[in-house]
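For reference, the chains in residue letters:
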Amino acid sequence: MQSLYRTVYGWLTTRIGVTAIKYAMASVISVMVTEVVLFLIFGVFRLFSAEVSNIVATGVAAIPSYYLNRNWAWGKSGRSHFLREVVPFWLLAFLGLGLSLVTVGFAQSFARAHGFPHLLDALFVNFASLVAFGVVWVGKFFAFNIWMFGERSQQGVTSR
């Protein structure tokens with residue numbers, strides 16, 4: 001057991017381990033923003049359908065998520081490279097959004113078909129959104145680290 005602890009601790013203290021911890025913390029903040037916005041605009045104020053509310057919540061949360069990941073987790077500064085960083089980030093955000101829309105739509109249909117009260121429907125929709133983005137989360141870390149913000153992403157780039 002102590003060997004496992006040393007191995008995990010050793011990895012967590014490496015550059016990639018620290019980046020992974022910061023990525024996880026940035027993700028927690030992003031998820032909190034998404035879930036709060038989704039619950040407020042769908043569950044409390046009933047402004048839009050679950051799907052439209054999910055799109056708005058994802059768009060709102062993606063902005064701080066980008067900057068937290070780029071600047072804090074990966075320590076990048078200066079102007080963002082549009083094709084290497086901004087476009088892939090938004091493509092991944094929309095991939096997560098697409099999966100989330102499917103799960104949110106299913107959750108809302110299920111809740112309505114079973115006569116859930118609106119509050120339970122809203123909680124069910126929030127949970128579905130959370131699960132969908134959780135599925136995409138690990139893949140995004142590798143994409144961010146390999147292609148977008150990590151050291152390998154800068155190989156072959158001569159100027160910004």
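As a starting point, this report considers the structure included with it. Everything numeric in this text was worked out from a predicted model, so none of it was measured.

Some details on the nonpolar core
(1) Moving on: Of all hydrophobic cores here, the largest spans 14 residues; its most connected members are Trp 74, Phe 89, Phe 144, Met 148 and Phe 149.
(2) Moving on: Taken together, the elements giving at least two residues each to this core come down to helix 2 (15–44), helix 3 (50–73), helix 4 (82–113) and helix 5 (118–148).
(3) Moving on: Considering each element in turn, this core owes the most residues, four residues, to helix 5.

Considerations on a nonpolar patch on the surface
(1) Moving on: Together, Val 36, Leu 40, Val 44, Phe 45, Leu 47, Phe 48, Val 52, Val 56 and Val 60 make up a nonpolar patch on the protein surface, roughly 740 Å² of accessible area in all.
(2) Moving on: Among the secondary structure elements, those contributing two or more residues to the nonpolar patch are helix 2 and helix 3.
(3) Moving on: Of note, Val 36 is situated in helix 2.
(4) Moving on: The partly exposed category is assigned to Val 36, whose relative accessible area is 48%.

Some details on the packing of aromatic side chains
(1) Moving on: Enumeration according to the criterion identifies 20 aromatic pairs in this entry.
(2) Moving on: Plain terms: the ring middles of Tyr 23 and Phe 144 are 5.8 Å apart, the flat faces sit at 90 degrees to each other, and that makes the pair edge-to-face. Taken together, the residues Tyr 23 in helix 2 and Phe 144 in helix 5 connect sequence positions 121 residues apart.
(3) Moving on: A residue is classified by how much of its surface remains accessible, and Tyr 23, at 2% relative accessible area, is buried.
(4) Moving on: Judged by centre distance (5.9 Å) and plane angle (65 degrees), the rings of Tyr 66 and Phe 149 are edge-to-face. On the criterion of sequence distance, the pair formed by Tyr 66 in helix 3 and Phe 149 in the segment after helix 5 is long-range, its members being 83 residues apart.

The rules behind these values
Residues numbered from 1 in each chain as written. Predicted model: local features only at pLDDT ≥ 70, side-chain atom pairs only at ≥ 80, totals over all residues. Heavy atoms only, no water. Core = buried A, V, L, I, M, F, W, Y, C linked by side-chain atoms within 4.5 Å. Buried < 20%, exposed > 50% of the residue type's maximum accessible area, 1.4 Å probe, protein only. Helix = DSSP H or I, 4+ residues; strand = E, 2+ residues; numbered from the N terminus. Patch = residues over 30% accessible without salt bridge, like charges linked within 9 Å, V, L, I, M, F, W, Y side chains within 5 Å. Areas by Shrake-Rupley, 256 points an atom, 1.4 Å probe, with all protein chains shown as cover. Salt bridge = Lys/Arg side-chain N within 4 Å of Asp/Glu carboxyl O. Phe/Tyr/Trp six-rings, centres within 6.5 Å; stacked < 30°, edge-to-face > 60°.

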